[in-house]
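Geometric and topological summary
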Amino acid sequence: MRNKVIAGNWKMNKVLAEAEQFVQEVVKKDPTDQGVEAIVCAPFPFLAKLVDQTKNTSVKIAAQNMHFAENGAYTGEVSPVMLKDLGVTHVVIGHSERREYFAETDETVNKKVHAAFDHDLAPIVCVGETLDQREANETMNHIEKQVKEGLKELTEAQIAKTIVAYEPIWAIGTGKTASSSDANEVCLHIRNVIKEMTSEKTANQVVIQYGGSVKPANVDELLAQSDIDGALVGGASLDADSFIQLVEAGKK
């Protein structure tokens, strides 16, 4: 059985005091147990403090991005070496907002995924289609290309440890959610692409999340699907009680 993984992506929200209060409430509830993982994807300035707050708990802290180089003349960037040194365990790579606003490509995603594994960070690799691509029936081909190019030249062991987050771009922050069956169809397609790249055993080990206006009201239906192993959550992860409800849903 694959673990359910609930990751809250705060994006560019909160100040330090709010971040600390959130994590304090989540840790106090200690909402996770065997089979469910809770990950907070926080802005860079908060990472060190939040890692310290979650020591000896089941809550993990992730960065929302990183550079693929270990060091160098990359003003404003953060390296995998820095993240590992802080105690961060996961990193989000290739989010649609990074692709749209900051020129992220499948090639840079692949470089970052390799860098993450080089430094013992677990990548959460995002894929997803636009509304135009969905309406043109290009979803499956587009997702297949993103998966194959993003995970290119990884070992089977590395792919097995990769979290893939399927986020239809048209559903992020819009209030629109893909139907549970539509979301599961794409997640199953991702698993089949990985099976083609590696093996059935490896494909069955990969955690595949759904993201896109996930909230307590719809998370149960999504997590009940055969190939949806968790959620990458935006707005609904900014409130501690809401985030705890989402994690609790993973236990059912």
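Here, every reference points to the structure presented above.
Residues numbered from 1 in each chain as written. Predicted model: local features only at pLDDT ≥ 70, side-chain atom pairs only at ≥ 80, totals over all residues. Heavy atoms only, no water.

**Remarks on the pattern of salt bridges**
To keep it simple, the criterion reads: When a carboxyl oxygen of Asp or Glu is within 4 Å of a side-chain nitrogen of Lys or Arg, the pair counts as a salt bridge. In this text, helices come from DSSP runs of H or I with a minimum length of four residues, and strands from runs of E with a minimum of two, each type numbered from the N-terminal end. Relative accessible area decides the class of each residue, using a 1.4 Å probe on protein chains only: under 20% of the type maximum gives buried, over 50% gives exposed, and in between gives partly exposed.
Applying the stated criterion across every chain yields a total of 15 salt bridges. Linking Glu97 and Lys11 is a salt bridge whose minimum nitrogen-to-oxygen distance equals 2.8 Å. Of the two residues, Glu97 is situated in helix H4 (residues 96-101) and Lys11 in the loop between strand E1 (4-9) and helix H1 (16-29); the sequence distance between them amounts to 86 residues. Residue Glu97 is classed as partly exposed on the basis of its relative accessible area of 25%. For Lys11, a relative accessible area of 21% corresponds to the partly exposed category. Close ionic contact of Arg191 with Asp227 constitutes a salt bridge, the shortest N to O distance being 2.5 Å. Linking Arg191 in helix H9 (residues 180-197) with Asp227 in the loop between helix H11 (216-223) and strand E8 (230-233), this pair joins segments that are 36 residues apart in sequence. Given a relative accessible area of 3%, Arg191 falls into the buried group.

**A short note on the side chain of Asn218**
Stated formally: Pairs of N or O atoms are called polar contacts if they sit within 3.5 Å, as long as, within protein, a hydrogen donor faces a hydrogen acceptor (for residues adjacent in sequence, only side-chain-to-side-chain pairs). Any two residues having at least one pair of non-hydrogen atoms within 4.5 Å are treated as being in contact.
Tracing the chain through its elements places Asn218 in helix H11. For Asn218, a relative accessible area of 15% corresponds to the buried category. Among the polar contacts listed, one links the side chain of Asn218 to the backbone nitrogen of Lys215, at a separation of 3.0 Å. Aside from chain neighbours lying at most four places away, what touches Asn218 is Thr177 and Ser213.

Purely geometric numbers; function is a separate question.
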